[in-house]
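Close look at the chain arrangement
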Amino acid sequence: MASSLFPYLLLSLILISLGLVGVFIRRNLVIMLICIELILNGVTINLLAINRFVANGHALGQVIAIFIIALAAAETTIALALIFLTFKHYKEIDAEKLNELKG
Amino acid sequence: MSQNILLTVLAVFAPFVSIFIIGILTRNHKMLSAFVAILAISLSTVITFYLYFSNMQGVKAETYYFTWLVTDYFSLKFGVLFDALSLGMMIVVCLVSLLVHIYSLGYMHGEKGLARFYAWLSLFSWAMLLFVISPTLLQAFFGWELVGAASFLLIGFWFHKPEAAAAAKKAFVMTRFGDFGFFVGLLILLVSFGNIDFGVLNQLGKSPAVNHSLLTACALLIFMGIMGKSAQFPLHAWLPDAMEGPTPVSALIHAATMVAAGIYLIARAFGFFSSSPFAMEFIAVVGIITSFVAATIALVQDDVKKVMAYSTISQLGLMVSVLGAGGYKAGVFHLFSHAFFKALLFLCAGSLIHHFNTNDMWEMAEKGGVRKMKITLTTLIIGSLALAGIFPMAGFFSKDAIIVAFEQNHKEAFAYLTMLISFMTAYYTFRMIFVLLSPEPAHHHENCHEEHGHSEHHGHDSPYNMTIPLIILAVFSVFFGFLDTPMLGGYFDKFLLNKHEVEHLHWGVMVKSTIVAVAGIAFAYIQFAGKTGRREGFVEKVGFIKNLLVNKYYIDDFYFLLVRGFVIPFATVLNWIDRKIINDTGVNGTGNIVIYSGRFVSRLMNGMLQRYLGTSFAILIFILFLWQII
Amino acid sequence: MNFPILSSILIIPTITVVLILFTKPEQKNTIRVISLIGTGITFLLSVFLMVSYDRSAGGVQFMESVSWIPSYGINYLMGVDGLSVPLVFLNALAIFTGVMVSWHIEERVKEFYALLIFLATGVFGVFMTLDLFFFAIFYEVAVLPMYLLIAIWGSGKNREYAAFKLTLVLFFGSAFVMGGILYLYKAAGLNTFSILELKKSAQFTTNMQSLLFLLFFIGFGSIIPSFPMHTWSPEGHACAPSAVSMLHAGVLMKLGGYGLLRIAIPLLPEGLRDWALVMMALSMCNIVYGAFTAIAQDDMKFMVGFSSVSHMGMVLFGISTMTLTGLNGAAFQMFAHGIVTALYFSSIGAMYNKTHTRMISDLGGIANIMPRAAFFFAVAGMAGLGLPGFAPFVAELMVFIAGVKKYPLFGIISVISVVVTAFYIIRCIQRVYFGKTNPKWEGLPDATNFDVVPLVMLVAALLIFGMFPSLVLDLLQLETRNLVAKLGVM
């Protein structure tokens, strides 16, 4: 186990950046969902690491991490269900082509 | 509270109770309602007469106040003013009202809304008495408005007749227009001096601290209300139309009492009005113009009620004018005597109308049978003689008193005009009488009997409940005038003014006015008596005068034009502005701006999920950046 | 602790609404009876409130206070003073008679009564709360159901437009009120929403008062309604069902005047002094312009709507004089006008239920076939045109006295409305009720005995308060005196 904060922060930065880039450039809804998961995981690592190195002895970061995991699970379920329904309805999961909300 | 005050309150509120008893309990029983109303007004009458007889030798003025409304700034009092003037007027109002109540039993027999009719009559009696006893101008206004409403309801009693409905509206709106002035004058007085009673009001002019032009303005404004209610030129046009109401109502409201309310008010606030010479001059001139105009129009009327209506306006004009000239007693005296004989004339007309079912004097003459209605005819002639001013009727003395008052106040021109007017009065009154007395066309008479076989009352007089009030009023019309003569020790002066020296008779005026009146009657006799069929008097023979008079000096047309050509178009324009400019442009315009700006902003919504994401991320970064700076 | 009468007045209608919601929609009569009983109890309570309010003591009475969000100083603070007691009574009267007037409604009875009573509950809340936060909440509650009530049960093809416009304008106003309240809270810096606390110790600079007053004036002005934000009112009245018009014109408009008298004037007296002339000018437009515009209307409800604009102008005019008489007159006019308009709309409704038209030019001779409906409209008309003996006369008299004293010229101009009002009311009576009956309407039944009950109640109220104005005026004066003291001796 590394004894400094920096590698963890770097890891979480990489994960978040990858996730952001993925969300912005990929057109496939499933991939975008995966990228969102990446962001969430990056945040989780970030929180845990800061909790461990900056405020050791408190459990707030861990509690929030568990919240995020639970929420991410719920969110993935709903999002996948939505994507599934979208595909059934439109035969399409390309974000560029799903623009019916255009004003 | 003294006995006098207590009894006065009782007399005033008896009809008030009757309104509610009729409205709540007996509205479905016609005769019961009539009974309640008659009982109430009889009670008032009996009390009033009791008050009179117990104060016969001079009334000590008393006032009593009930506090109605207190604010820190002013307090509104209601009260009772008991003095000779109010007692006299109460007697007139109660007596005429009682007689009209009884008369209506016959006249309105079988009428569907009889309960309503009596409720309104009670309302009127209450409101009028409330007006008469009022010690403050505000309470007077209170009663003043209420009698107006009662008059509206009673003129429009037969509301299914469009003419009656229109007449009721005209009466109300036109008097209300006058009341605008009254109300403003009242407000200015209230604001400047508080809710003062008539005693203080009448003394205002004497105090040097008071702004006299303000008083003049108030007097003129209040006189505007009087012009409306007492039908003075040019706000007189509603009164002839008001004849669409039932005739007993015309007798009570539009001859004897309500239209005289204005005269009463001038008399009540006489000191106030006389503190402004200009206002007095104005009042005198308006009165005499009214009197002249109305008398000339009456010359050519065919409807018996219209003749009487114009004659009422003319007589009211005289009273106003003489009060304006400073003849307090003459005005009040004529007010009382006129109330009796004009009510009598109207009730006689009602009896004729009831009998012949028409208002037109020529048609009455044609149907024939006036001569057989002995009581009606006799009392009608008594009333006409009183109106024309023939000795010894009440009108003779009161009209002479007016002429004397004009002369004493150095208004000779007015005295001569009054002579001219009384000539015309005698002429048009007896024109009506002679037309009614036309010999019946023999052939027509027979037809009449064949055709109208069912009308078995043909040739009979009206029922007793109608003729008895006529007889009572006739007695008053004959004898009332003597109250002002030395024969009775100048009783009227003593009663009203507490004046003890007896005025001698003015023989010169008496002779002159008798000559004038007899000349009028003779003129009418020459032109109308003893002939049959429609015929024209000397006025109708001159084309343009006839046109002018038949069209009532085009005053009605002027009002029609004012309403149709100005008020309603003005309202329409305002409505157009409201709809088109304020609503469609202002309100909807604001709405449209919101809609269009929404449409503009909505272009940003291109449905690209990732662009939204990018935008929100950029905004987030921007906010963080700003936060850093701050 | 004493019997919590104010909360009862608030809770009983709420319970009524809940009970209605749990009733089957088919059981229309059950719903009506529940509403009648609920509002009846409320009405009795309000009468009790009016009688048991201690006039000699004055001030805020029947206080109830429960802490709600202490960190922001928000309390459930209820209490009534001389100003609110008559208005609580007025609202109870309007909703009680309104329930009876809507007896004939057959469409979605359940939702109708639930919304109607909900609306009245909101109004009760506004009149009784002394906490600005709750004031704002109840204010919204009172305005919101109006949209549905007009859009669903209204009449005429314009009703959705009217409902929409009404709601938008009122929310436009309430946005200003809300902003004003929040800003006031912030500016006072006392961490309390209690009007009493603020009245006691809040200090505002003159400029701040002026700005805040403007916010409240725009906000409350749009519901009064002051010219030029009045256009929602005639249209809203015209499209709403009778009971809704009664509540709307009878009570809802009074929220504006009440808000000014309750919040804006005691807290921001300097503001009133700054804006009094503007207020007076706008009220002149209301009074004279409203009255003239009423002449040109063909729909009777439009006419009454514009007459309301004209008469509510009196409230503004009275306030703008900043004198005791003027404020008394304004407060009394709110009360009196509430009863008169309720009577107007219920009597028009009694006729409209049968004829299904309100166009003056189509009607005529209605008094021959419906003497009762005609009688009650005539009474309302007479009261409305300021006939002595009815309550509005007293109010108008006081407003005019104050007006003539303070602004002589404009006071006299405003008196013109007396003539114009008489003209359009009498003309309407003549054209609608008098004259020959159009054969089209022959044989229509008159209002039944049951229909007449609410009308009789309203007429009785008009007469009682017209002949004994002290009953209400003594209450109002307890509060207006304080207002005048705040405004300084004028």
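None of the values given here were measured: they were computed from a predicted structure. (Residues numbered from 1 in each chain as written. Chains lettered and ligands numbered in written order. Predicted model: local features only at pLDDT ≥ 70, side-chain atom pairs only at ≥ 80, totals over all residues. Heavy atoms only, no water.)

Let's talk about the overall build of chain A
- Of regular secondary structure, chain A possesses three helices and zero strands.
- Starting at the N terminus and walking to the C terminus, you meet the elements of chain A as α-α-α.
- Its C-alpha atoms give chain A a radius of gyration of 17 Å, more than 25% over the compact-globule value 13 Å for 103 residues.
- The burial tally for chain A puts 25% of its 103 residues in the buried class.
- Contacts in chain A between residues at least 24 apart in sequence constitute 58% of all its contacts with a sequence separation of at least 6.
- Split by element, the accessible area of chain A, about 6900 Å² in all, is 73% carbon and sulfur. (Helix = DSSP H or I, 4+ residues; strand = E, 2+ residues; numbered from the N terminus. Rg over C-alpha atoms; globule rule 2.2 N^0.38 Å. Buried < 20%, exposed > 50% of the residue type's maximum accessible area, 1.4 Å probe, protein only. Contact = heavy atoms within 4.5 Å. Areas by Shrake-Rupley, 256 points an atom, 1.4 Å probe, with all protein chains shown as cover.)

Things to note about the overall build of chain B
- Helix and strand counts for chain B come out as 26 helices and two strands.
- Across its three principal axes, chain B shows a C-alpha extent of roughly 115 × 70 × 55 Å.
- Split into buried and exposed, the 630 residues of chain B put 60% on the buried side.
- Of the accessible surface of chain B, which amounts to about 24400 Å², a share of 69% is contributed by carbon and sulfur atoms.
- Considering chain B, the positive charge centre built from 39 side chains and the negative charge centre built from 35 side chains are found 7 Å apart. (Lys, Arg positive; Asp, Glu negative; His and termini not counted. Charge placed at Lys NZ, Arg CZ, Asp CG, Glu CD.)

A look at the interface of chain B and chain C
- In this assembly, 51 residues from chain B lie in contact with 58 residues from chain C.
- On the chain B side of the contact with chain C, W68, F159 and R176 of chain B bury the most area, a combined 12% of that side's loss.
- Where chain B touches chain C, the interface holds one salt bridge.
- Among the ionic pairs, R579 of chain B bridges to E235 of chain C, the shortest N-O distance being 3.3 Å. (Buried area = accessible area lost by both parts, 1.4 Å probe. Salt bridge = Lys/Arg side-chain N within 4 Å of Asp/Glu carboxyl O.)

Quick look at the interface of chain B and chain A
- Contacts between chain B and chain A engage eleven residues on the former and 15 residues on the latter.
- For the pair chain B and chain A, the interface holds zero salt bridges.
- Applying the counting criterion to the chain B and chain A interface returns zero residue pairs in polar contact (both at pLDDT 80 or more).
- Broken down by element, the side of chain B that touches chain A gets its largest block of residues, six residues, from helix 26 (residues 609-629) of chain B.
- Here the residues of the side of chain B that touches chain A are counted per class, giving six nonpolar, five polar and no charged. (Polar contact = N/O pair within 3.5 Å; in protein donor to acceptor, adjacent residues only side chain to side chain. Nonpolar A, V, L, I, M, F, W, Y, C, P; charged D, E, K, R; others polar.)

Focus: the packing of aromatic side chains
- Per the counting criterion, the structure on display carries 81 aromatic pairs over all chains.
- On the basis of an interplanar angle of 5 degrees and a centroid distance of 4.8 Å, the ring pair of F141 of chain B and F183 of chain B is categorised as stacked. Highlighted residues: F141 of chain B in helix 5 (residues 137-155) and F183 of chain B in helix 6 (residues 162-193), separated in sequence by 42 residues. In this structure, F141 of chain B and F183 of chain B share a single accessibility class: buried.
- Measuring from centroid to centroid gives 5.1 Å for F396 of chain B and F397 of chain B, while their planes differ by 80 degrees, and the two rings are edge-to-face. We note that F396 of chain B, like F397 of chain B, is buried.
- Among the aromatic residues, ring-to-ring pairing joins W68, F78, F131, F141, F142, W144, F182, F183 and Y264 of chain B together with F393 and F400 of chain C into one connected group. (Phe/Tyr/Trp six-rings, centres within 6.5 Å; stacked < 30°, edge-to-face > 60°.)

Looking at the pattern of salt bridges
All names here are of chain B.
- As enumerated under the stated definition, the model contains 19 salt bridges over all chains in all.
- Between R431 and D302 there is a salt bridge, with the nearest N and O atoms lying 3.4 Å from each other. Taken together, the residues span a long stretch of sequence, with R431 in helix 19 (residues 412-436) and D302 in the loop between helix 13 (277-298) and helix 14 (304-325) at a distance of 129 residues.
- Classification of D302 by relative accessible area gives partly exposed; the value is 26%.
- Through salt bridges with shared partners, a single network forms among K170, D241, K552 and D556.

Re a nonpolar patch on the surface
Residue and element names in this part refer to chain B.
- Side chains of I619, F622, I623, F625, L626, I629 and I630 sit close together on the surface and give an oily, nonpolar patch of about 780 Å² of accessible area.
- Of note, F622 is situated in helix 26.
- With a relative accessible area of 48%, F622 lands in the partly exposed category. (Patch = residues over 30% accessible without salt bridge, like charges linked within 9 Å, V, L, I, M, F, W, Y side chains within 5 Å.)

Some details on the arrangement of the chains
- Counting contacts across all two pairs of chains found in contact, the highest total belongs to chains B and C.
- As for chain C relative to chain A, no contact occurs, and the smallest C-alpha gap between them is 23 Å.

Topic: the confidence of the model for chain B
All names here are of chain B.
- With 96% of its residues at a pLDDT of at least 70, chain B reaches an overall mean of 86.
- Taken as a whole, residues 445-457 scores under 50 in pLDDT and shows six contacts with residues more than four places along the chain or in a different chain.
- Both confidence scores are given for the complex: pTM 0.87, ipTM 0.91. (pLDDT = per-residue confidence, 0-100.)

So, the nonpolar core
- With 447 residues, the main nonpolar core has L265, F272 and F273 of chain B together with M300, I319, F332 and Y433 of chain C as its most contacted residues.
- With seven residues, the next largest nonpolar core counts L29, L33, I83 and I93 of chain A among its residues. (Core = buried A, V, L, I, M, F, W, Y, C linked by side-chain atoms within 4.5 Å.)

As for the pairing of strand 1 (residues 61-69) of chain C
- Sheet topology places strand 1 of chain C next to strand 2 (residues 74-80) of chain C; six bridges connect them, and they run antiparallel. In the strand pairing of strand 2 of chain C, E64 of chain C is matched with M78 of chain C. (Pairing = 2+ DSSP bridges.)

A short note on the side chain of Q430 of chain C
- When you line up the elements, Q430 of chain C lands in helix 18 (residues 408-433).
- Taking relative accessible area as the criterion, Q430 of chain C reaches 16% and is therefore assigned buried.
- Only 3.1 Å separates the side chain of Q430 of chain C from the side chain of K169 of chain B, close enough to count as a polar contact.
- Discounting chain neighbours no more than four positions away, the residues touching Q430 of chain C are A165, A166 and K169 of chain B.

Section: the packing of helix 13 (residues 300-321) of chain C against helix 17 (residues 391-406) of chain C
Residue and element names in this part refer to chain C.
- As a packed pair, helix 13 and helix 17 sit with axes 9 Å apart at the nearest point and diverge in direction by 45 degrees. Judged by the angle between their axes, helix 13 and helix 17 are oblique. The chirality of how helix 13 crosses helix 17 is left-handed. Together, H311, M314, F317, G318 and T321 of helix 13 and E396, V399, F400, A402, G403 and K406 of helix 17 make up the contact between the two elements. (Axes fitted to C-alpha atoms, helices over the stretch in contact; angles between N-to-C directions. Parallel < 35°, antiparallel > 145°, perpendicular 65-115°, else oblique. Left-handed = near helix turned anticlockwise from the far one by under 90°.)

Side note on the environment of I568 of chain B
- You can see I568 of chain B is positioned in helix 25 (residues 555-602).
- Here I568 of chain B falls in the buried class, since its relative accessible area comes to 18%.
- Apart from the residues lying within four places of it in its own chain, the contact partners of I568 of chain B are V563 of chain B together with I295 and R427 of chain C.

Overview of helix 18 (residues 394-408) of chain B
All names here are of chain B.
- Over its 15 residues, helix 18 runs 21 Å from end to end, which matches the ideal 21 Å to within 8%, given 1.5 Å per residue.
- Taken across its 15 residues, helix 18 has 13 buried, putting it largely inside the fold.
- The first or second residue beyond helix 18 is H410, which carries a positive phi of 60 degrees. (Expected span 1.5 Å × (residues − 1).)

What about the packing of helix 5 (residues 132-143) of chain C against helix 6 (residues 145-153) of chain C?
Residue and element names in this part refer to chain C.
- The N-to-C vectors of helix 5 and helix 6 enclose an angle of 5 degrees; their axes lie 4 Å apart at closest approach. It follows that helix 5 is roughly parallel to helix 6 by the angle criterion. Contacts from V141, A142 and V143 in helix 5 reach P145, M146 and Y147 in helix 6.
- In terms of residue class, the contact of helix 5 with helix 6 is built from six nonpolar, no polar and no charged.

Some words on the side chain of T312 of chain B
Residues and elements named next belong to chain B.
- For T312, the position within the fold is in helix 14.
- By relative accessible area, T312 is classed as buried at 0%.
- A polar contact is formed between the side chain of T312 and the backbone oxygen of M308, at a distance of 2.7 Å.
- What T312 contacts, discounting residues up to four positions off in sequence, is L239, H254, A255, V259, H338, K342 and F346.

Quick word on the state of the cysteines
Residue and element names in this part refer to chain C.
- In the structure shown here, the tally under the stated rule is zero disulfides over all chains.
- The closest cysteine sulfur to the non-disulfide-bonded C428 is located on C239, 18 Å from its own sulfur.
- Assessed through its relative accessible area of 1%, C428 is described here as buried. (Disulfide = S-S within 2.5 Å.)

Here's the deal with helix 14 of chain B
All names here are of chain B.
- Between its terminal C-alpha atoms helix 14 stretches 31 Å, which fits the 32 Å expected from 22 residues at 1.5 Å a residue.
- Counting buried positions along helix 14 yields 21 of 22 residues, so the element is predominantly enclosed.
- Where helix 14 begins, the side chain of D303 points an oxygen toward the backbone nitrogen of K305, at a separation of 2.8 Å.
- Phi for G326, located one or two positions after helix 14, is positive at around 105 degrees.

Things to note about unusual backbone geometry
- Between F233 of chain B and P234 of chain B the backbone carries a cis peptide bond, its omega angle lying at 5 degrees.
- Note the cis peptide between I224 of chain C and P225 of chain C, where omega equals -10 degrees.
- The topology assignment puts P225 of chain C in the loop between helix 9 (206-221) and helix 10 (232-239).
- The phi dihedral of K91 of chain A is positive, around 55 degrees, even though this residue is not glycine.
- By the secondary structure assignment, K91 of chain A is in the segment after helix 3 (60-90).
- A positive phi is found at F62 of chain C, a non-glycine position, where the angle reads about 55 degrees.

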